[in-house]
Amino acid sequence: MNVQVWTNARVATLAADAPQPYGLIEDGALAVEDGRIAWVGARAELPAAFRATAAHDAQGALITPGLIDCHTHLVWGGDRAGEFEARLRGASYEEIARAGGGIVSTVKATREADEATLLAQSRRRLRALLAEGVTTLEIKSGYGLAEAAEAKCLRVARRLGELERVAVRTTFLGAHALPPEFAGRADDYIASVCDMLPRLHAQGLVDAVDAFCETIGFSTAQTRRVFEAARALGLPVKLHAEQLSDSGGAELAASFGALSSDHLEWLSETGARAMAQAGSVAVLLPGAFYFLRDTKVPPIALLREHGVPMAVSTDCNPGTSPCTSLLLMLNMACTLFRLTPEEALAGVTRHAARALGLADRGVLAPGLRADFVLWDVRSPAELAYALGLNPCRATIVQGQAR
C-alpha cells in the first residue's frame with residue numbers, strides 16, 4: 001500500500017456542492033493511497049491514520065485538480081502560417097477552405113508524414129500543455145480522412161499518452177472535411193467514414209466519435225449517419241456545432257446523448273434546452289474565436305440560464321487555434337466570453353472531465369484519481385488573471401510526480 005500526504009496547502013477541490021468558491025480549503029491537506037485520493041480536507045482534521053505518514057510540505061502552494069484539455073487536434077503534419085497571413089489580408093476562413101486550403105491542406109501534409117515524424121512534432125506540442133499542469137487530454141483524428149492515415153494519427157495519439165504519462169482519450173473525427181478524392185461526393189465519403197469506424201474501433205483506437213456539422217462541413221443528415229454508426233458500436237459522440245451558423249447540430253447531438261457540443265457561437269435557445277436535457281457539456285473554444293477574429297460570442301447567459309455545464313479547451317489545431325496554453329484559454333474565456341475565473345477553472349477541470357465522459361477526475365474528492373497540480377499562487381483567480389505566466393510548481397499523476 002502506497003500512502004502519501006500533502007499538507008500546508010490551499011486546496012481548491014472544485015467540488016460542485018462546496019460551500020466556498022472553488023471548494024477552497026484555506027489550510028488544507030490531501031492524502032493519496034495507491035494512486036487515488038483517500039482524504040481531503042482541513043489540515044487540522046487530518047485523520048490519525050494519515051498523521052503517521054511523512055508529509056510533503058506544499059509550502060503554501062495552491063492545489064487544484066489536474067487540468068483537462070478536452071478538445072484538441074494535437075496530431076497533424078505541416079503548418080498553416082501562410083493562411084494566417086491570408087486572413088490578415090482579408091480572406092475569410094470559408095474562402096480559404098473553398099480554395100483548397102484549410103483542413104484539406106493539413107490533410108495532405110499529414111498523409112505524407114510518417115508516423116515517427118508525426119509523433120515528434122506532436123510530442124513537442126503536448127509537452128507545452130503538460131508544463132502547465134495538464135494531466136488528461138483528448139486528441140482527435142481528422143487530418144487523415146482515409147482509413148490508413150486516420151489509424152496512423154490515432155496510433156500516434158495513443159503512443160503520446162504512453163511516452164508522456166498523460167491520460168489520452170482518442171476521438172475519431174473522420175467526418176472533419178471532404179477529402180479531394182471525394183470531391184462532390186459527400187454522401188459517399190460519409191459511407192466510407194461509417195465503414196472504417198468499426199475497424200478502427202476493433203484496433204482499440206477509438207474512445208468517442210465526432211463530426212464537423214457546418215456549412216463547410218457536413219449536414220445534419222450526414223452527421224446523423226455517423227452518429228448512428230457510433231451508437232451501433234456503443235461509442236459516445238460529440239460534435240463541432242454552431243460555430244459558423246445555427247445548423248441545429250447541438251440539438252441533433254443532444255438527441256444522441258452527446259458528451260458535448262463544441263464552439264457554439266450560434267447556439268439557439270432550442271439547442272441550449274436540448275443540451276441541458278441531454279446533460280451535454282458546452283465546450284467553449286476562445287482560442288479559435290480569437291484567432292479567427294470572430295465577433296459572435298457564444299450565448300453564455302443562455303447556457304447559464306439552462307444550467308448547461310461549460311468546459312474550456314485549447315482546440316489546439318494548425319488552422320484556427322495553434323495554441324498550446326490552457327492557462328491562456330482561462331484568461332480568454334474570462335476576457336472574451338465573460339466567464340468568471342471560477343467558471344473558467346471548473347471548465348478545465350470538473351466540466352472538462354464530464355465532456356470526456358470521465359467521472360473519476362476533475363475534482364479533488366475521495367475515491368477519485370490523484371491527479372493534481374501545485375501552483376505558486378495564492379488565489380485560484382490568479383490562474384486566469386496573468387498573461388504568459390506559468391506558476392506550475394509540480395504536477396502529480398495518480399499520486400506520483402511527473
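Residues numbered from 1 in each chain as written. Predicted model: local features only at pLDDT ≥ 70, side-chain atom pairs only at ≥ 80, totals over all residues. Heavy atoms only, no water.

K.L.:
How should the pattern of salt bridges be read in this particular structure?
P.N.:
If the charged atoms of two oppositely charged side chains come close together, the side chains can form a pair. Counted according to the given criterion, the structure contains 22 salt bridges. Through salt bridges with shared partners, a single network forms among Glu138, Lys140, Asp210 and Lys238. (Salt bridge = Lys/Arg side-chain N within 4 Å of Asp/Glu carboxyl O.)

K.L.:
Just to check I follow, could you spell out the packing of aromatic side chains for this structure?
P.N.:
The geometry of two aromatic rings is summed up by the distance between their centres and the angle between their planes. One pass over the structure, following the stated rule, counts six aromatic pairs. Seen from their ring centres, Tyr189 and Phe218 are 6.2 Å apart, and the 25° between their planes marks the pair as stacked. You can see Tyr189 sitting in helix H7 (residues 186-202) and its partner Phe218 sitting in the loop between strand E9 (208-211) and helix H8 (220-232), a full 29 residues away along the chain. Taken individually, Tyr189 and Phe218 each receive the classification buried, so the pair is uniform in this respect. Over the ring of Trp76 we find Arg125; its NZ or CZ atom is 3.6 Å from the centre of that ring. Above the plane of the ring of Trp266 lies Lys296, whose end atom (NZ or CZ) is 4.6 Å from the centre. (Phe/Tyr/Trp six-rings, centres within 6.5 Å; stacked < 30°, edge-to-face > 60°. Helix = DSSP H or I, 4+ residues; strand = E, 2+ residues; numbered from the N terminus. Buried < 20%, exposed > 50% of the residue type's maximum accessible area, 1.4 Å probe, protein only. Lys NZ or Arg CZ within 6 Å of the ring centre and 35° of its normal.)

K.L.:
Whenever I open this one, the state of the cysteines confuses me. Can you help?
P.N.:
Throughout this description, disulfide means a covalent bond between two cysteine sulfur atoms. Enumeration over the complete set of coordinates arrives at zero disulfides. The thiol of Cys316 is unpaired, and the distance to the nearest cysteine sulfur, on Cys323, comes to 7.1 Å. By relative accessible area, Cys316 is classed as buried at 0%. By relative accessible area, Cys323 is classed as buried at 11%. (Disulfide = S-S within 2.5 Å.)

K.L.:
Help me understand the pairing of E9, please; the structure alone is not making it clear to me.
P.N.:
The two faces of a sheet get side chains in turn, since along a regular strand they alternate between them. Residues of E9 alternate between two faces, with Ala208 and Asp210 on one and Val209 and Ala211 on the opposite face, all of them buried. Two elements, strand E8 (residues 167-175) and E9, share three bridges in a ladder whose sense is parallel. What sits directly across from Thr171, in E9, is Ala208. (Pairing = 2+ DSSP bridges.)

K.L.:
How do you make sense of the domain arrangement of the chain when you look at a structure like this?
P.N.:
Interface size, as often reported, equals the accessible area lost upon joining of the parts. Domain assignment breaks the chain into domain 1 (3-66 + 363-401) and domain 2 (67-356). Summarising the inter-unit geometry, the C-alpha centres of domain 1 and domain 2 are found 30 Å apart. On the side of domain 2, 22 residues touch domain 1, which itself brings 28 residues to the contact. Approximately 1800 Å² of surface area, both sides summed, lies buried where domain 1 meets domain 2, with 62% of it carried by carbon and sulfur atoms. (Domains from an automatic or database assignment. Contact = heavy atoms within 4.5 Å. Buried area = accessible area lost by both parts, 1.4 Å probe.)

K.L.:
Honestly, the environment of Thr106 in this entry has me stumped. Any pointers?
P.N.:
For Thr106, the location among the structural elements is in helix H4 (residues 103-112). What makes Thr106 buried here is its relative accessible area of 2%. Each C-alpha atom, one on Thr106 and one on Thr117, is 14 Å from the other, the two residues being eleven residues apart in sequence.

K.L.:
What is the right way to read the UniProt feature "binding site: Zn(2+)" (unreviewed entry) in the chain from this model?
P.N.:
The UniProt record marks His71, His73, His240 and Asp315 with the feature "binding site: Zn(2+)" (unreviewed entry), using the residue numbering of this structure. Spatially, the listed residues are clustered: although they cover 245 residues, their C-alpha atoms lie within 12.2 Å of one another. Tracing the chain through its elements places His71 in the loop between strand E6 (67-69) and helix H2 (81-88). For His71, a relative accessible area of 0% puts it in the buried group. Tracing the sequence through the fold places His240 in strand E10 (residues 238-241). For His240, the contacting residues outside a window of four places in its chain are His71, His73, Lys140, Leu173, Asp210, Ala211, Phe212, Cys213, Asp262 and His263. Here Asp210 takes part through its side chain, which lies 3.0 Å from a polar atom of the side chain of His240. (UniProt positions renumbered as here; feature names shortened; annotations may be inferred. Polar contact = N/O pair within 3.5 Å; in protein donor to acceptor, adjacent residues only side chain to side chain.)

K.L.:
Got a minute to help me understand helix H5 (residues 115-130) in this structure?
P.N.:
Each α-helix turn comprises 3.6 residues. Residues three or four places apart therefore point the same way. Taking 1.5 Å of rise per residue, 16 residues should cover 22 Å, and H5 covers 22 Å from first to last C-alpha, within 8% of that figure. Of all the residues in H5, the buried ones are Leu118, Ser122, Arg125, Leu126, Leu129 and Leu130. On the buried face of H5, the contacting elements are E6, H4, strand E7 (134-140), helix H6 (147-164), helix H13 (326-335) and strand E15 (392-397). The N-cap of H5, judged by a side-chain oxygen 3.3 Å from the amide nitrogen of Ala116 a few residues on, is Asp114. (Expected span 1.5 Å × (residues − 1).)

K.L.:
Can you walk me through the UniProt feature "binding site: Fe(3+)" (unreviewed entry) in the chain in this structure?
P.N.:
The UniProt record marks His71, His73, His240 and Asp315 with the feature "binding site: Fe(3+)" (unreviewed entry), using the residue numbering of this structure. For His240, a relative accessible area of 4% translates into the label buried. A polar side-chain atom of His240 sits 3.4 Å from a polar atom in the side chain of His73. By the element assignment, Asp315 lies in the loop between strand E13 (310-312) and H13. Residues contacting Asp315, with those up to four places away along its chain left out, are His71, Thr72, His73, His263, Leu285, Ala288, Thr320 and Ser321.

K.L.:
Please clarify how the packing of H7 against H8 should be interpreted in this entry.
P.N.:
Working note: a packed helix pair is described by the angle between its axes plus the distance between those axes. The geometry of H7 relative to H8 is characterised by a closest axis approach of 9 Å and an angle of 10° between their N-to-C directions. Our classification of the angle between H7 and H8 gives roughly parallel. Residue-level contacts link Ala186, Asp187, Ile190, Ala191, Val193, Cys194 and Leu197 of H7 to Gln222, Arg225, Val226, Ala229 and Ala230 of H8. Classifying every residue of the contact of H7 with H8 by side-chain character gives nine nonpolar, one polar and two charged. (Axes fitted to C-alpha atoms, helices over the stretch in contact; angles between N-to-C directions. Parallel < 35°, antiparallel > 145°, perpendicular 65-115°, else oblique. Nonpolar A, V, L, I, M, F, W, Y, C, P; charged D, E, K, R; others polar.)

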